[in-house]
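# Structural overview for review
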Amino acid sequence: MSQDIRTRLIHHDYVAPAEFESPVVAVHKASTVFFPDVAALRSRRWVDKSGYTYGLHGTPTTFTLEARLATLEHARHVLLAPSGLSALNVVNQALLASGDALLLPDNVYFPSRDLARHELARWGIAHRVYDALDPSTLDAALGPDVKLVWLEAPGSVTLEFPDLRALVRRCRERAPQAVLALDNTWGAGLAFNPFELGDGLGVDLTIHALTKYPSGGGDVLMGSIACRDSALHERLAWTHSRMGLGVGANDAEALLRALPSLALRYHAQDQAARRIAEWAQGQPAVRRVLHPALPGSPGHAHWAGLCSAAAGLLTLEIDPRHSVEQVNAFVDGLQCFRIGWSWGGPVSLAVPYQARFMRELPTPYEGVLVRLCIGLESVDDLIADLGAGLARLG
Ligand SMILES: *Cc1c(COP(=O)(O)O)cnc(C)c1O
């Protein structure tokens, strides 16, 4: 070996002893990965995670995160994507071709609909919507061209919980060629098992915006795609790799650090949101409280029949006598609740919405909707903040 310091600091002969264990997983950073010889360069496989080939194809850090997420999701295989939305898109691109159609629930996470409308449409892929609370509306939408059906439980913002078993059964009967994909961000792997819904029914894959609960900090963007079937996983993995998607090692580390407290945070935010939902039901300015665990909330019975927990989200439908401007002022005036997208972090958030701009099908919501994501503050402080705001609203 050369004695030139420039070379010696790169090609060094010290190798640290292998036996090192601590609570945290090492942060392996790499674009280049070394091979001992050309034969290894030619033969190593990354797709089944039996070896390392290139940073984009996985490191011990990302493989470990994927394995832990597979356990969380009740799945066997997991891929990481730079955001929840990009995870959705990997699924679309892997499974759809020109001439195919995909189905979306009308209460889908809005950017997913925008992706179909503006990007997939340009590639000759059509989308149709169904009413998640009425499985019979699938009949008109399902045809031989449908290769992918998205499910979401509950719906975005309005939180209607669908009868997932009925939706899956109907799709299996009428469109056996279609892959069934669930956006599992709300359930987070903790509220229910989408691969085993009962009666032998389950979805084929899930995506999860790790940005939300698994991150828990409001500071990391990441998504995952989870499935049980190895052939489906390989299909997704090849598309994922050809699209050049990867995640940063430090972001993977942040996720690995946050996962051990995931269940504690999820359940604490669940309890807090339920207390706030029950309190809000008695408020004169609130026409209705949307939260799947509340009796009377749309789809409550479906939630109760499937789930053991709920995410810390609720939506207030403000009495329609209050104008959009008044409700905006209510949100502006909140002190603990900050205004911003996303959820699952430590800070409680509020965003106003108007249902008529979000849906293609008619909705029963006439008042302005205020979506609340509950953070980790004292619940008494959050209730006092909302109470003062609603009192100002009158
Ligand atoms: C936030 C979210 C996404 C997208 O996640 P990003 O990481 O923000 O791209 C997808 N689906 C649902 C239900 C979400 O809440």
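Up top is the structure these notes are about.
Described in the following lines is the structure provided in the data block. (Residues numbered from 1 in each chain as written. Predicted model: local features only at pLDDT ≥ 70, side-chain atom pairs only at ≥ 80, totals over all residues. Heavy atoms only, no water.)

In this section: the overall build of the chain. Helix and strand counts for the chain stand at 13 helices and twelve strands. Here the C-alpha atoms of the chain give a radius of gyration of 23 Å, agreeing with the 21 Å that 2.2 N^0.38 yields for 394 residues. Projected onto its principal axes, the C-alpha positions of the chain cover 80 × 50 × 40 Å. Expressed as a percentage of the 394 residues in the chain, the buried residues total 53%. In the chain, of all internal contacts separated by at least 6 residues, the share reaching a separation of at least 24 is 74%. Of the roughly 17,800 Å² of accessible surface on the chain, 54% is carried by carbon and sulfur atoms. The positive charge centre, built from 35 side chains, and the negative charge centre, built from 41, are 3 Å apart in the chain. (Helix = DSSP H or I, 4+ residues; strand = E, 2+ residues; numbered from the N terminus. Rg over C-alpha atoms; globule rule 2.2 N^0.38 Å. Buried < 20%, exposed > 50% of the residue type's maximum accessible area, 1.4 Å probe, protein only. Contact = heavy atoms within 4.5 Å. Areas by Shrake-Rupley, 256 points an atom, 1.4 Å probe, with all protein chains shown as cover. Lys, Arg positive; Asp, Glu negative; His and termini not counted. Charge placed at Lys NZ, Arg CZ, Asp CG, Glu CD.)

Spatially, S1-S7-S6-S5-S4-S2-S3 is the arrangement adopted by the seven strands of the open sheet, whose pairing is mixed. Where the open sheet ends on each side, the last strands, each with one partner, are strand S1 (77-81) and strand S3 (126-130). Pairs of neighbouring strands in the sheet enclose a mean axial angle of 20°, with direction left out of account. Contacts from helix H3 (residues 60-72) reach S1, strand S6 (205-209) and strand S7 (223-227), with the element oriented near 120° to S1. (Pairing = 2+ DSSP bridges. Axes fitted to C-alpha atoms, helices over the stretch in contact; angles between N-to-C directions.)

Moving on, we come to the pairing of strand S5 (residues 179-183). S5 sits mainly inside the fold: five of its five residues count as buried. The two faces of S5 match: Val-179, Ala-181 and Asp-183 on one face and Leu-180 and Leu-182 on the other face are all buried. Here five bridges tie strand S4 (residues 146-152) to S5, and the two strands are oriented parallel to one another. Bridging from a neighbouring strand, Glu-152 pairs with Asp-183 of S5. Since S4 and S5 lie parallel, the crossover through helix H7 (residues 164-174) that links them has a hand, and here it is right-handed. Inspection of the sheet shows S5 paired to S6 by three bridges, in the parallel sense. Bridge assignment links Leu-182 to a residue of S6, and that residue is Thr-206. (Right-handed = clockwise from strand over helix to strand, strands pointing away.)

What follows is about the nonpolar core. Within the largest apolar cluster, 58 residues are counted, with the highest numbers of intra-cluster contacts made by Leu-65, Val-149, Leu-151, Trp-186 and Phe-192. Not counting the four nearest positions on each side in its chain, Val-149 is found in contact with Leu-103, Tyr-130, Leu-142, Cys-171, Ala-178, Val-179, Leu-180 and Ala-181. Counting 29 residues, the second largest nonpolar core, distinct from the first, contains Leu-104, Leu-148, Ile-225 and Cys-227. (Core = buried A, V, L, I, M, F, W, Y, C linked by side-chain atoms within 4.5 Å.)

A few words now on the site of the ligand. In the vicinity of the ligand, the contacting residues are Ser-83, Gly-84, Leu-85, Tyr-109, Glu-152, Asp-183, Thr-185, Ala-209, Thr-211, Lys-212, Leu-221 and Trp-343. One of the backbone nitrogen or oxygen atoms of Gly-84 is found 2.8 Å away from an oxygen atom of the ligand. Contact distances for the ligand include 2.6 Å between an oxygen atom and a side-chain N or O atom of Thr-211. In the complex, the protein chains occlude 88% of the 380 Å² of accessible area that the ligand would expose alone. Among the detected pockets, the ligand sits in the largest pocket. Of the residues assigned to the shell around the ligand, the class counts are five nonpolar, four polar and three charged. (Near = heavy atom within 4 Å. Polar contact = N/O pair within 3.5 Å; in protein donor to acceptor, adjacent residues only side chain to side chain. 1 Å grid on protein atoms, 1.4 Å probe; cavity = no way out; pocket = protein on both sides within 12 Å on 5 of 7 lines; lining within 4 Å. Sits in = over half its atoms within 2 Å of the grid points. Nonpolar A, V, L, I, M, F, W, Y, C, P; charged D, E, K, R; others polar.)

It is worth spelling out unusual backbone geometry at this point. Of the consecutive residues Ala-153 and Pro-154, the connecting peptide bond is found in the cis state with omega at -5°. Even without being a glycine, Lys-49 presents a positive backbone phi close to 60°. By secondary structure assignment, the location of Lys-49 is in the loop between helix H2 (38-43) and H3. The backbone phi angle of Leu-159 is positive, close to 60°, even though this residue is not glycine. With respect to the element layout, Leu-159 can be found in the loop between S4 and H7.

Among the structural elements, Arg-113 can be located in helix H5 (residues 110-119). Discounting chain neighbours no more than four positions away, the residues touching Arg-113 are Leu-104, Asp-106, Val-108, His-127, Val-129, Met-358, Arg-359 and Glu-360.

For the rest of this paragraph, the subject is the packing of aromatic side chains. For the structure on display, the rule yields seven aromatic pairs. Seen from their ring centres, Trp-46 and Trp-238 are 5.1 Å apart, and the 70° between their planes marks the pair as edge-to-face. Pair noted here: Trp-46 is in the loop between H2 and H3 and Trp-238 is in helix H8 (residues 230-242), with a separation of 192 residues, a long-range link. Exposure remark for Trp-238: the relative accessible area of 34% places this residue in the partly exposed category. (Phe/Tyr/Trp six-rings, centres within 6.5 Å; stacked < 30°, edge-to-face > 60°.)

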